[in-house]
Amino acid sequence: MTMANLNHLLFFFLFLLLSLLGKQSMSDDVVVRVGVVLDLNSTKGEVAKSYILMAVSDFYAVNSNYRTRLSLFIRDSKDDVIGAACADLMKNENVHAIIGPQRTTEAKFVAKLGEKAHVPILSFSATSPFLSPNHHPFFIQTTQDDSAQVKALATLIQAYGWREVITINEDTDYGNDLILCLIDAFQEVDVRLPYRSVISPSSKESDILKELNNLKEMQTRIFLVHMRASLASKFFVLVKNSRMMSEGYAWIMTQGLSSSLDTIDSKVLDSMQGVLGIRPYVQISKGLEDFERRWKTNLTSGKANYKTFGLNLIGLQAYDSIWALAMAVEKANIDNSSFLKQNARESKVDLAAIGVSEIGLRLLNTIASTRFQGLSGKFYLVKGQLKASTFEIFNVIGQTKRIIGYWNTKKGLSKEVDDIYTIAYSVSKDNLKQPSKDNLKQPVWPGDTTNQPKKLRIGVPARDGFNEFIKVEWCPRTNKPKVSGFSIDVFRAVLHMLPFPLPHEFVPYVTKNGQSAGTYDELLYQIKLKNFDAVVGDTTIVANRSSYVDFTLPYSESAIGAATIFTGLVTWVLEHHVNTKFRGPPDQQIGTIFLFSFATLTSSYREKVVTNLSRFVLIIWAFMVLILTQSYTASLASMLTVQQLKPEFVDVKEIKRNGYFVGYHNDSFVRELLIKQFNIDESKLKPYRTPEEYDEALSNGTHNGGVAAIFYEIPYIKLFLSKYGSRYAMVGPIYKTDGFGFAFPRGSPLVSYISRAVLNVTEDTDKMTGIMRKYFESQTTCVDGSAEISTDSPSLGVYSFGGLFIIAGLTSMFSLLIHVVKFLHFHWPTSNIVPAEGSFWLKLIELVKHFYQKDQCSYPFRKNESPLNPKISPDGFGASSSIDDKQNHSRTSSEGADNVDINDDDENL
């Protein structure tokens, strides 16, 4: 035998030995059976399957020395809950873990089976926040649940200064569950949901178009869309056809849809131009790029004209789920994987016949502690859910998704991802509390414009005369309006005090030829008709107008503002401990105090009080307000023609008795007041517009084509007298209103913010003086000081009602004192938890903590805990955790929310 033959023989025996050892090694592998549940008829299911198969291949190519192997058993759910559960995987295939299913409804069913059989369920796409391990201990979400994105969405909406958003979601568990989380998140930042649109996945195009037409009629133009790609593909095409993907609209997509855009047809994407989306940020790496290349090669291999997609987040999370499970199986040190059978029956999917996995609990705990860097990011579970990471915000432009910024819980909004991941940075509290669009790149909005959608359309009166208060001019070159005046400058100063931007445009209330389109009442009613978002001008706060608008606190002189706010504050103290309507985040509680305070003047408040002390305070206050409103009907004065500064007439009764003519300012509410309250014959009324017309009418007198007196509001009379005061006098009686205010839709969240800002501006003496000097300093006072109010006639002022204010104040103080004594009596002993050597201040802190908590022993709460009175709130904004409560509210329209009347049996818990 030659040396060469000997070498060949030795090589053959060596090869044979290695083969035998290899077979022995393979036979020693522990096979762990794993079920995979997908809807293989859907694009998402097909893509996920390809990722899963590649994950198994890649994992064992890298970890060939592992002694465990996953054996996959794939089932098609066929979009059916029972089919998706595939109980036979547990009963007949004895799987010890299941990957999937895709949908929330299916996942809820399978999670219960997993708990029964001790089989971990790993879902990479079911994102419901109500699938938490607290309710389903064997359910693991290897994706971020929907609650992770709500803060990012709320911050994004805050950054653009939007205070109202309409949600549009599909009518499934997936669609409804997120909206419940959004309601709470938006409440915290005072963003209102005036309407919720719910669309069934099986809706016909005609049904969707009908709903879109309904949305088109609403005032809000900001929409948040939460639905799956299958429904979105039909929905957005109809949106564009309805001309709602145009300038003035804003559309935002939630995480689920944003992560599925790669599977949407390009024609559908054309109908989504300008839409904003939010999705988890996936850091591009060399390994990810290599995977994408191999994945596309595998998909197109042997398939002609096969359409490929880009990397898909859901697919990447499915890939990482397989790796996490394979790692856990190896770490769990499994020698065998048997099932304990119980009550076996012939039925293939009989739930009672499902056994219990002996390794299920050990495998569950191992998965929970698994950590690694996956393709989709860091795999890190917190209480059975993937830890929330950074979100990227993008803008759909053409067929691309242009990134305009990033968000995470620590840094807030940022233009660049490097800023998010910088380790050495100081977190700015202002950045988190007051997000700004300046922290994002400029998006291109629907309509191919960079103009931000939803600027407030603010109606302003166009009037002749008294232009110091408000003046509308038209640019001859552009024909665009220029608005100025005292009221406008005050409003702009108020905007500077707001903690958020408020994009707006002033729209004069005029006809096509530039003339005034109607009275002040008609202008304010345009808010209810949704033609304007607000009205800014010299609009007087009167009771009848509060039936269709909400006024801010007045920015001009008001007699009872301080007493009103004090009453609201006392009511809040009395109700906070026992009434959920007076609870919530600090900002919301402050807003409630101001809004409730002012609403008591017009009886338009909607917060129901539950304590007898509060009712006592409000009864006295209501009685006082009744007297005030009867006495201070309007800020009017009579200007009478005088001879040697001695008025001929000082009483309205005398003017009526002699049948004299009376003047009023055209388009003012004064006309109706003179007819209805003073019973002056309509034929005796003459309208005027300018100070010059006032002067001419008074000079001519009632017998020469003029008038005997002109009735108008004090600010205008003072301005008139500054020019003509040597010839006229202001005589009483004087009737007080609450001054000038800005008007908004009823229930608008902006009212409380604007009111607080108004207080800040009006209390800034230097600022208000500067604005007043700008418009009124040039008007000299009366030459001989004759603009004073005549002392020959009685005049109503604040001091005229001093007794009423004292009674109301004493009532409030007395009620507050009783409340404090009762509170100390019941809760001071509880402060004994403070050590004996503890200071008085420590005990006081404990009392404050008790005050801030709900008094569950109080009558309102104990009553609702009765079996006959379930904890259901009709408006859904209480602290109750009932899902039905929130679903009830989410389906109410804005108008319905304005008329909520909660009786005692329906108090929130």
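In what follows, the structure referred to is the one given above.
Reference entry: report on the structure contained in this document. In this text the structure is predicted, and so the values were computed from the model without any measurement.

**Quick notes on the overall build of the protein chain**
Here is step 1: Counting its regular elements, the protein chain contains 32 helices and 31 strands.
Here is step 2: When the 909 residues of the protein chain are sorted by exposure, 54% land in the buried category.
Here is step 3: Summed over all atoms, the accessible surface of the protein chain reaches about 41500 Å², with 54% contributed by carbon and sulfur.

**Overview of unusual backbone geometry**
Here is step 1: Geometrically, the link from G100 to P101 is a cis peptide bond, its omega value of -5° lying close to zero.
Here is step 2: Within the element layout of this structure, P101 appears in the loop between β3 (97-99) and α5 (104-117).
Here is step 3: Backbone geometry places N94, a non-glycine residue, at a positive phi of 55°.
Here is step 4: Using a relative accessible area of 25% as the deciding quantity, one classes N94 as partly exposed.
Here is step 5: For N479, which is not glycine, the phi dihedral falls at a positive 60°.

**Let's talk about the side chain of H136**
Here is step 1: Tracing the chain through its elements places H136 in the loop between β4 (121-123) and β5 (139-141).
Here is step 2: Given the relative accessible area of 10%, H136 is considered buried.
Here is step 3: When sequence neighbours within four positions are dropped, the list of residues in contact with H136 reads K108, A111, K112, E115, F130 and L131.

**Concerning a negative patch on the surface**
Here is step 1: Taken together, D464, E692, E693 and E696 make up a surface patch of like negative charges.
Here is step 2: With respect to the element layout, E696 can be found in helix α24 (residues 691-700).

**Description of empty space enclosed by the protein**
Here is step 1: Summed over the entire model, instances satisfying the criterion amount to 7 cavities of 30 Å³ or more.
Here is step 2: Of the volumes computed, that of the largest cavity is approximately 210 Å³.
Here is step 3: Around the largest cavity, the lining comprises 15 residues; the ones closest to its centre are R163, E164, K454, L456 and L750.
Here is step 4: The residue makeup of the lining of the largest cavity, split by class, is 8 nonpolar, 3 polar and 4 charged.

**Describing the pattern of salt bridges**
Opposite charge on two side chains makes pairing possible when the charged atoms of those side chains draw close.
Here is step 1: All told, the structure shown has 22 salt bridges when counted by the stated rule.
Here is step 2: Two residues, R33 and E93, come together in a salt bridge whose shortest N-O distance is 2.9 Å. With R33 in strand β1 (residues 30-38) and E93 in the loop between α4 (88-91) and β3, the pair connects residues that are 60 residues apart, well separated along the chain.
Here is step 3: Look at R33 and you get partly exposed, because its relative accessible area is 30%.
Here is step 4: Residue classification places E93 among the buried residues on the basis of a relative accessible area of 18%.
Here is step 5: Residues K108 and D177 are paired through a salt bridge, measuring 3.5 Å at the closest nitrogen-oxygen approach. Of this pair, K108 sits in helix α5 while D177 sits in helix α7 (residues 173-188); the two residues are 69 residues apart in sequence, bridging distant segments of the chain.
Here is step 6: By relative accessible area, which is 22% here, K108 ends up partly exposed.
Here is step 7: Ionic contacts of the salt-bridge type, sharing partners, join the residues D58, D290, R293 and R294 into one network.

**Points about the packing of helix α17 (residues 486-497) against helix α26 (residues 750-763)**
Here is step 1: Close contact between α17 and α26 brings their axes to 8 Å; oriented N to C, the two are set at 110°. Looking at the two axes, α17 sits roughly perpendicular to α26. Facing α17, whose interface residues are A493, V494 and M497, α26 presents I754, A757, V758, N760 and V761.
Here is step 2: Broken down by class, the residue content of the contact of α17 with α26 amounts to 7 nonpolar, 1 polar and no charged.

**Section: the packing of α24 against helix α25 (residues 714-724)**
Here is step 1: Axis separation between α24 and α25 bottoms out at 10 Å; the angle between their running directions is 70°. What the angle tells us is that α24 and α25 run roughly perpendicular. For α24 against α25, the interelement crossing comes out right-handed. For the pair α24 and α25, contact is made by P691, E692, Y694, D695 and L698 and by F720, K723 and Y724, respectively.
Here is step 2: A class-by-class count of the residues in the contact of α24 with α25 yields 5 nonpolar, no polar and 3 charged.

**Looking at the packing of aromatic side chains**
When we look at a pair of aromatic rings, we describe it by the centre distance and by the angle of the planes.
Here is step 1: Applying the stated criterion to the full structure yields 36 aromatic pairs.
Here is step 2: Ring geometry for Y51 against W295: centres 4.8 Å apart, planes inclined by 45°, an arrangement best described as tilted. One end of the pair, Y51, is in helix α2 (residues 43-62); the other, W295, is in helix α12 (residues 286-300), and 244 residues separate them in sequence.
Here is step 3: For Y51, a relative accessible area of 0% corresponds to the buried category.
Here is step 4: Geometrically, the ring pair formed by F291 and Y319 is edge-to-face, given 4.9 Å between the ring centres and 65° between the ring planes. In this pair, F291 is assigned in helix α12 and Y319 in helix α13 (residues 313-331), connecting sequence segments 28 residues apart. For the pair F291 and Y319, one class covers both residues: buried.

**Details of the pairing of strand β10 (residues 276-280)**
Here is step 1: Summarising burial for β10: 5 of the 5 residues are buried, a large majority.
Here is step 2: Summarising the sheet, strand β9 (residues 250-253) and β10 pair through 2 bridges and their orientation is parallel. When the bridges of β10 are listed, M253 appears paired with G277.
Here is step 3: Note: β10 against strand β16 (residues 391-397), 5 bridges, orientation antiparallel. Looking at the pairing, G277 lines up with F394 of β16.

**Some thoughts on a positive patch on the surface**
Here is step 1: A cluster of basic side chains, namely K331, R371, K378, K387 and K410, defines a positive patch on the protein surface.
Here is step 2: On the secondary structure map, K331 appears in helix α13.

**A short note on helix α8 (residues 205-216)**
Here is step 1: Taking 1.5 Å of rise per residue, 12 residues should cover 16 Å, and α8 covers 16 Å from first to last C-alpha, within 8% of that figure.
Here is step 2: Looking at α8, one finds that the buried residues are I208, E211, L212 and L215. One side of α8 holds all its buried residues, which, seen down the axis, span an arc of 105°.
Here is step 3: The elements touched by buried residues of α8 are β6 (166-170), β7 (196-199), β8 (222-226) and α9 (229-241).

**Digging into the nonpolar core**
Here is step 1: Of all hydrophobic cores here, the largest spans 67 residues; its most connected members are F486, L674, F742 and I754.
Here is step 2: Counting 51 residues, the second-largest nonpolar core is a separate cluster that includes V34, W295, I314 and L363.

**Quick notes on the sheet that holds β16**
Here is step 1: Read across the sheet, 8 strands follow the order β7-β6-β8-β9-β10-β16-β17-β18 without closing on themselves; strand pairing throughout is mixed. The two strands at the open ends of the sheet, each matched to only one other strand, are β7 and β18 (412-414). On average, each strand axis in the sheet is inclined to that of its neighbour by 25°, with strand direction left out of account.
Here is step 2: Here α8 sits on the sheet in contact with β6, β7 and β8, set at roughly 175° to β7.

**Some points on the pairing of β7**
Here is step 1: The pairing of β6 with β7 spans 4 bridges and is parallel. When the sheet's bridge partners are listed, E170 is paired in β7 with I199.
Here is step 2: In this region the chain leaves β6, passes through α7 and returns to the parallel neighbour β7; the handedness of that crossover is right-handed.

**Details of the environment of A111**
Here is step 1: Structurally, A111 is set in helix α5.
Here is step 2: Since its relative accessible area comes to 0%, A111 is described here as buried.
Here is step 3: Once the C-alpha coordinates of A111 and P137 are considered, the two residues, 26 residues apart in sequence, prove to be 8.4 Å apart.

**A few points about α7**
Here is step 1: For α7, with 16 residues, the first-to-last C-alpha span of 24 Å sits near the 22 Å given by 1.5 Å per residue.
Here is step 2: Where burial is concerned, most of α7 is hidden: 13 out of the 16 residues are buried.
Here is step 3: D190 sits one or two positions beyond α7 and adopts a positive phi of about 60°.

**Describing the environment of A154**
Here is step 1: Within the element layout of this structure, A154 appears in helix α6 (residues 147-159).
Here is step 2: Through-space distance from the C-alpha of A154 to that of D190 is 9.7 Å; in sequence the pair is 36 residues apart.
Here is step 3: Once you skip the residues sitting within four places of it in the chain, A154 turns out to touch A185, F186 and V189.

Cut-off values and rules
- Residues numbered from 1 in each chain as written.
- Predicted model: local features only at pLDDT ≥ 70, side-chain atom pairs only at ≥ 80, totals over all residues.
- Heavy atoms only, no water.
- Helix = DSSP H or I, 4+ residues; strand = E, 2+ residues; numbered from the N terminus.
- Buried < 20%, exposed > 50% of the residue type's maximum accessible area, 1.4 Å probe, protein only.
- Areas by Shrake-Rupley, 256 points an atom, 1.4 Å probe, with all protein chains shown as cover.
- Contact = heavy atoms within 4.5 Å.
- Patch = residues over 30% accessible without salt bridge, like charges linked within 9 Å, V, L, I, M, F, W, Y side chains within 5 Å.
- Salt bridge = Lys/Arg side-chain N within 4 Å of Asp/Glu carboxyl O.
- Lys, Arg positive; Asp, Glu negative; His and termini not counted.
- Charge placed at Lys NZ, Arg CZ, Asp CG, Glu CD.
- 1 Å grid on protein atoms, 1.4 Å probe; cavity = no way out; pocket = protein on both sides within 12 Å on 5 of 7 lines; lining within 4 Å.
- Points joined across faces, edges and corners; volume = space filled by probe spheres on them.
- Nonpolar A, V, L, I, M, F, W, Y, C, P; charged D, E, K, R; others polar.
- Axes fitted to C-alpha atoms, helices over the stretch in contact; angles between N-to-C directions.
- Parallel < 35°, antiparallel > 145°, perpendicular 65-115°, else oblique.
- Left-handed = near helix turned anticlockwise from the far one by under 90°.
- Phe/Tyr/Trp six-rings, centres within 6.5 Å; stacked < 30°, edge-to-face > 60°.
- Pairing = 2+ DSSP bridges.
- Expected span 1.5 Å × (residues − 1).
- Arc of directions from axis to C-beta.
- Core = buried A, V, L, I, M, F, W, Y, C linked by side-chain atoms within 4.5 Å.
- Right-handed = clockwise from strand over helix to strand, strands pointing away.

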